[in-house]
Amino acid sequence: MSGKPPRFPLGLQHVQPRSPARPATDVLRPQRPLHEAARDAARRVAPSGLGLDSPAVRERMVARLHADGLRCEPVLRAFAAVPRHHFVDSALATQAYEDTSLPIGLGQTISKPSVVGRMLALLFGGERAAAAGHLGRVLEIGTGCGYQAALLAQISKRVVSIERLKPLHDKARDNLAASRHPGDLRLLYGDGRLGHAPLAPYDSIVAAAGGEDIPQAWLDQLAEGGRLVAPMHDPAAGGQVLVVIDRRPEGLRRQVHDAVHFVPLKSGTA
Ligand code: SAH
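Small disclaimer: the values here were computed from a predicted structure and weren't measured. (Residues numbered from 1 in each chain as written. Predicted model: local features only at pLDDT ≥ 70, side-chain atom pairs only at ≥ 80, totals over all residues. Heavy atoms only, no water.)

### Topic: the side chain of D234
Here is step 1 of the chain: With respect to the helices, strands and loops of the structure, D234 is situated in strand β8 (residues 222-234).
Here is step 2 of the chain: Within the structure, the side chain of D234 is placed 3.1 Å from the backbone nitrogen of A236, a separation counted as a polar contact. (Helix = DSSP H or I, 4+ residues; strand = E, 2+ residues; numbered from the N terminus. Polar contact = N/O pair within 3.5 Å; in protein donor to acceptor, adjacent residues only side chain to side chain.)

### A short note on the packing of helix α3 (residues 73-81) against helix α4 (residues 113-124)
Here is step 1 of the chain: Their axes nearest at 9 Å, the elements α3 and α4 cross at an angle of 140°. Taken together, the axis directions place α3 and α4 in an arrangement best described as oblique. The crossing of α3 and α4 is right-handed. The residues of α4 that touch α3, namely those facing P74, V75 and F79, are P113, V116, G117, L120, A121 and F124.
Here is step 2 of the chain: Residue composition of the contact of α3 with α4, grouped by class: 8 nonpolar, 1 polar and no charged. (Axes fitted to C-alpha atoms, helices over the stretch in contact; angles between N-to-C directions. Parallel < 35°, antiparallel > 145°, perpendicular 65-115°, else oblique. Left-handed = near helix turned anticlockwise from the far one by under 90°. Contact = heavy atoms within 4.5 Å. Nonpolar A, V, L, I, M, F, W, Y, C, P; charged D, E, K, R; others polar.)

### Let's talk about the sheet that holds strand β3 (residues 137-141)
Here is step 1 of the chain: Ordered by their spatial adjacency, 7 strands build an open sheet running β5-β4-β3-β6-β8-β9-β10, and the pairing between neighbours is mixed. Here the strands that pair on one side only, and so sit at the sheet edges, are β5 (184-189) and β10 (251-260). Across the sheet, the axes of successive neighbouring strands diverge by a mean angle of 15°, strand direction being ignored.
Here is step 2 of the chain: Direction of pairing for strand β6 (residues 202-207) relative to β8: parallel, over a ladder of 4 bridges. (Pairing = 2+ DSSP bridges.)

### Structural notes on the site of the ligand
Here is step 1 of the chain: The environment of the ligand is formed by 27 residues, the closest being T109, E163, D191, G192 and K266.
Here is step 2 of the chain: One of the backbone nitrogen or oxygen atoms of R164 is found 3.4 Å away from a nitrogen atom of the ligand.
Here is step 3 of the chain: One of the backbone nitrogen or oxygen atoms of G192 is found 2.7 Å away from a nitrogen atom of the ligand.
Here is step 4 of the chain: Across the complex, the protein chains shield 99% of the 580 Å² of accessible surface that the ligand would expose by itself.
Here is step 5 of the chain: Elements that contribute at least two residues to the shell around the ligand include exactly β2 (108-110), β3, α6 (147-154), β4 (158-163) and β11 (263-264).
Here is step 6 of the chain: In terms of residue count, β2 provides more of the shell around the ligand than any other element does, 3 residues in total.
Here is step 7 of the chain: A class-by-class count of the residues in the shell around the ligand yields 12 nonpolar, 9 polar and 6 charged. (Near = heavy atom within 4 Å. Areas by Shrake-Rupley, 256 points an atom, 1.4 Å probe, with all protein chains shown as cover.)

### Observations concerning unusual backbone geometry
Here is step 1 of the chain: Here the bond from A200 into P201 is cis, since omega is 5°, no more than 30 degrees from zero.
Here is step 2 of the chain: Tracing the backbone through its elements, the reader meets P201 in the loop between β5 and β6.

### Remarks on the packing of aromatic side chains
Here is step 1 of the chain: Counted by the stated rule, this structure contains 2 aromatic pairs.
Here is step 2 of the chain: Taking 6.5 Å as the distance between ring centres and 45° as the angle between the ring planes, the aromatic pair formed by F79 and Y147 counts as tilted. Of this pair, F79 sits in helix α3 while Y147 sits in helix α6, and the two are 68 residues apart along the sequence.
Here is step 3 of the chain: Residue F79 is classed as buried on the basis of its relative accessible area, which comes to 0%.
Here is step 4 of the chain: Seen in terms of ring centroids, F87 and Y147 are 5.7 Å apart; in terms of plane orientation they differ by 65°. Their pairing is edge-to-face. Pair noted here: F87 is in the loop between α3 and β1 (102-105) and Y147 is in helix α6, with a separation of 60 residues, a long-range link. The same class applies to F87 and to Y147, which are both buried.
Here is step 5 of the chain: Grouped by ring-pair contacts, the aromatic residues F79, F87 and Y147 constitute a single cluster.
Here is step 6 of the chain: Seen from the ring of Y147, R84 lies directly overhead, with NZ or CZ sitting 5.6 Å from the centre.
Here is step 7 of the chain: The cationic tip of K166 hangs over the ring face of Y189; the distance from NZ or CZ to the ring centre is 5.9 Å. (Phe/Tyr/Trp six-rings, centres within 6.5 Å; stacked < 30°, edge-to-face > 60°. Buried < 20%, exposed > 50% of the residue type's maximum accessible area, 1.4 Å probe, protein only. Lys NZ or Arg CZ within 6 Å of the ring centre and 35° of its normal.)

Purely spatial values, then, with no claim about function.
Shown next as structure tokens:
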């Protein structure tokens, strides 16, 4: 305030309104780990005002995926069942139901729901999967945080998922232990370029990382009537594209789909 000091008694114009009392529940607890507080806050309020644990938040994401053209019912049901915010860092949880990829550490990302939906719907177009109404025995390369593995577990008989980065393999294990998922889901630490021969053949193979080629081991481990969906660098397209390969009695049939952008498929483990 400028000018002369106010005289007493003060006029009403000098009286500052008192800030409203804090609600009794909003107690500051400095000893509490910050990440716990952030996670609790994220659980409580989504931008919509709904709690992130509310199925309605996931249903809205499912409705958007459907509106954008995803028509595969089992995949839509899987999206509705798996809480994506449990798979991302607590600080990012409020963005978990946006159609965006998010960092999961070590330079890797959880893929965009629309891209995951596209890959899973393509897998359902495989001969065996279409006949069975589920993806059968699945091999996933690139577990990352485990979100897609959790979706796969909803729509298959068995999932074998391989991750080459130990901290992410461990993170996925924790994430998946915390969320109940149906069926047989095996997480392996190793180089996914080699596939996993002991449990081959696979009816569905899906990769979340893209290389210069499709590793021979994946083709060898693909069952007859099975389908593989993977990103791959395509010099003709000048970038990555989604490649779909079917094993037919007469041999392998290969189709090239949308342009995509996945993290690189690397060799070895770290
Ligand atoms: N499906 C994951 C997406 C993770 S991103 C999710 O839902 O979160 C792709 C992952 O592929 C990364 O974690 C990366 O480390 C992994 N990756 C890259 N090359 C690999 C390889 N050769 N074997 C196994 N995993 C690999």
